[in-house]
Amino acid sequence: MTATLATTITRDGCEWKPEYLTAIDGKVCIGCGRCYKVCGRNVMTLKGINEEGEMIDLDDDDDDEIERKVMVLSDAGTCIGCGACARVCPTDCQTHSAE
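A.B. asks: Help me understand the overall build of the protein in this model?
C.D. replies: Counting secondary structure elements, the protein contains two helices and seven strands. Across the protein, helices and strands are ordered from the amino to the carboxyl terminus as β-β-β-α-β-β-β-α-β. For a compact globule of 99 residues, the expected C-alpha radius of gyration is about 13 Å, and the protein comes in at 16 Å, more than 25% above that figure. Considered along the principal axes of its C-alpha atoms, the protein spans approximately 50 × 30 × 20 Å. Looking at the protein residue by residue over its 99 residues, the buried ones come to 28%. The long-range fraction of contacts in the protein, counting pairs at least 24 apart against all pairs at least 6 apart in sequence, stands at 64%. Accessible area of the protein: about 6900 Å², with a carbon and sulfur share of 47%. Separation of charge centres in the protein, based on 10 positive and 19 negative side chains, amounts to 11 Å.

A.B. asks: How should the pattern of salt bridges be read in this particular structure?
C.D. replies: Once the charged atoms of two side chains with opposite charge are near each other, the side chains can pair. Enumeration according to the criterion identifies one salt bridge in this entry. In this structure, Lys-47 and Asp-57 form a salt bridge, with 2.3 Å as the shortest nitrogen-oxygen distance. You can see Lys-47 sitting in strand β4 (residues 44–50) and its partner Asp-57 sitting in the loop between β5 (55–56) and β6 (66–73), a full ten residues away along the chain.

A.B. asks: Please explain the nonpolar core as it appears in this structure.
C.D. replies: Membership of the largest hydrophobic core comes to 14 residues, with the highest contact counts inside it found for Leu-21, Ile-24, Cys-29, Met-44 and Met-71. Among the elements of the structure, β3 (20–24), β4 and β6 are those that each provide at least two residues to this core. Sort the elements by how many residues they give to this core and β6 lands first, with three residues. Setting aside residues up to four positions removed in sequence, Ile-24 forms contacts with Cys-29, Met-44, Met-71, Val-72, Leu-73, Cys-93 and Gln-94.

Reading guide: rules and limits
- Residues numbered from 1 in each chain as written.
- Predicted model: local features only at pLDDT ≥ 70, side-chain atom pairs only at ≥ 80, totals over all residues.
- Heavy atoms only, no water.
- Helix = DSSP H or I, 4+ residues; strand = E, 2+ residues; numbered from the N terminus.
- Rg over C-alpha atoms; globule rule 2.2 N^0.38 Å.
- Buried < 20%, exposed > 50% of the residue type's maximum accessible area, 1.4 Å probe, protein only.
- Contact = heavy atoms within 4.5 Å.
- Areas by Shrake-Rupley, 256 points an atom, 1.4 Å probe, with all protein chains shown as cover.
- Lys, Arg positive; Asp, Glu negative; His and termini not counted.
- Charge placed at Lys NZ, Arg CZ, Asp CG, Glu CD.
- Salt bridge = Lys/Arg side-chain N within 4 Å of Asp/Glu carboxyl O.
- Core = buried A, V, L, I, M, F, W, Y, C linked by side-chain atoms within 4.5 Å.

Rendered as structure tokens:
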């Protein structure tokens, strides 16, 4: 089955085309979680980065091993392209695309 990308008309008659989250730059992301809080689709999750630069799951036992936190894509296919995450991101670390 082949799907076409949607362009729709808003209630006031404006054309709108979704821009889907395709990437998060872990070097720029500060792990604030704002994007996660506005997304109701479980598109991303917060991960930790240890001293070796490896990405690790967050749990209470590993807090002393975490150098910093970053947001990562967990299920990009559930993104509906609303752009709420981009609007709240203070570092502009996300990449969005119509495809």
